[in-house]
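# Notes for the structure review
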Amino acid sequence: QVQLVESGGGLVQAGGSLRLSCAATGAIFRMNAMSWYRQAPGKQRELVATITSTNSTNYAVSVKGRFTISRDSAKNTAYLQMNSLKPEDTGVYYCSADVRTTSVSYVYVFWGPGTQVTVSS
């Protein structure tokens, strides 16, 4: 099994910054893409950013230029630097990872429990 744990959420004023971390532990043979999603109250979960194993990145239009995703492959950890935060960035932020648990296994998607980000106006 693989466990993901997010940290770094909290309450911040509009215009402020937060840095989220996502640490993966367990039976990891190879970590492929890692992603951040968010879910605002009453809304569907949406993809915020993805980083591949070769460090290619992709962002939602709403966060491009403000958020930066990165990873430390040696630590199986992903980060989300969030700058110029807006009230509409409020939500629970989830980390996901595409993991091959053995050399012959399928790629499984694992999720963390989420961390709350609240941006006040």
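It should be noted that the structure appears before, not after, this text.
Now for a description of the structure that goes with this document. (Residues numbered from 1 in each chain as written. Predicted model: local features only at pLDDT ≥ 70, side-chain atom pairs only at ≥ 80, totals over all residues. Heavy atoms only, no water.)

### Notes on the overall build of the chain
Helix and strand counts for the chain come out as zero helices and 11 strands. Overall, the chain shows an N-to-C arrangement of helices and strands of β-β-β-β-β-β-β-β-β-β-β. For the chain, whose C-alpha radius of gyration is 14 Å, the value lies close to the compact-globule estimate of 14 Å for 121 residues. Considering only C-alpha atoms, the chain reaches an extent of 50 × 25 × 25 Å along its principal axes. Each of the 121 residues in the chain was classed as buried or not, and the buried ones make up 40%. Contacts in the chain between residues far apart in sequence, at least 24 positions, make up 55% of those at least 6 positions apart. Entry remark: accessible area of the chain is about 6,400 Å², with carbon and sulfur atoms responsible for 50%. (Helix = DSSP H or I, 4+ residues; strand = E, 2+ residues; numbered from the N terminus. Rg over C-alpha atoms; globule rule 2.2 N^0.38 Å. Buried < 20%, exposed > 50% of the residue type's maximum accessible area, 1.4 Å probe, protein only. Contact = heavy atoms within 4.5 Å. Areas by Shrake-Rupley, 256 points an atom, 1.4 Å probe, with all protein chains shown as cover.)

### Quick word on the environment of Gly-91
The residue Gly-91 is located in strand β9 (residues 91–100) in this model. By relative accessible area, which is 1% here, Gly-91 ends up buried. A sequence separation of 28 residues divides Gly-91 from Val-119, and the C-alpha atoms of the two residues are 8.8 Å apart. In this structure Gly-91 touches Gln-39, Ala-40, Thr-115, Gln-116 and Val-117, once residues within four positions along its chain are discounted.

### A few points about the side chain of Arg-71
Among the secondary structure elements, Arg-71 is positioned in strand β7 (residues 67–72). Buried Arg-71, no salt bridge; nearest opposite-charge side chain is Asp-72, N-O distance 8.1 Å. A distance of 3.4 Å separates the side chain of Arg-71 from the backbone oxygen of Ile-51, its partner in a polar contact. Here Thr-52 takes part through its backbone oxygen, which lies 2.9 Å from a polar atom of the side chain of Arg-71. Contacts of Arg-71, omitting those with residues within four sequence positions, involve Met-31, Asn-32, Ala-33, Met-34, Ile-51, Thr-52, Ser-53, Asn-55, Thr-77, Ala-78 and Tyr-79. (Lys, Arg positive; Asp, Glu negative; His and termini not counted. Salt bridge = Lys/Arg side-chain N within 4 Å of Asp/Glu carboxyl O. Polar contact = N/O pair within 3.5 Å; in protein donor to acceptor, adjacent residues only side chain to side chain.)

### Here we look at the nonpolar core
One broad rule of soluble globular proteins: the nonpolar side chains tend to lie buried together. Ranked by internal contacts, the top residues of the largest apolar core, which has 30 residues, are Trp-36, Leu-80, Met-82 and Tyr-93. Taken together, the elements giving at least two residues each to this core come down to β1 (2–7), β3 (18–26), β4 (30–39), β5 (46–51), β7, β8 (77–82), β9 and β11 (115–120). (Core = buried A, V, L, I, M, F, W, Y, C linked by side-chain atoms within 4.5 Å.)

### Describing the state of the cysteines
Tallied over the entire structure, the rule returns one disulfide. Note on cysteine connectivity: Cys-22 is disulfide-linked to Cys-95, with sulfurs 2.0 Å apart. One quick way to see it: the torsion about the S-S bond of Cys-22 and Cys-95 is about -80 degrees, and its sign makes the bridge left-handed. Taken as a pair, Cys-22 in strand β3 and Cys-95 in strand β9 lie far apart in primary sequence, 73 residues in all. A relative accessible area of 0% places Cys-22 in the buried class. (Disulfide = S-S within 2.5 Å.)

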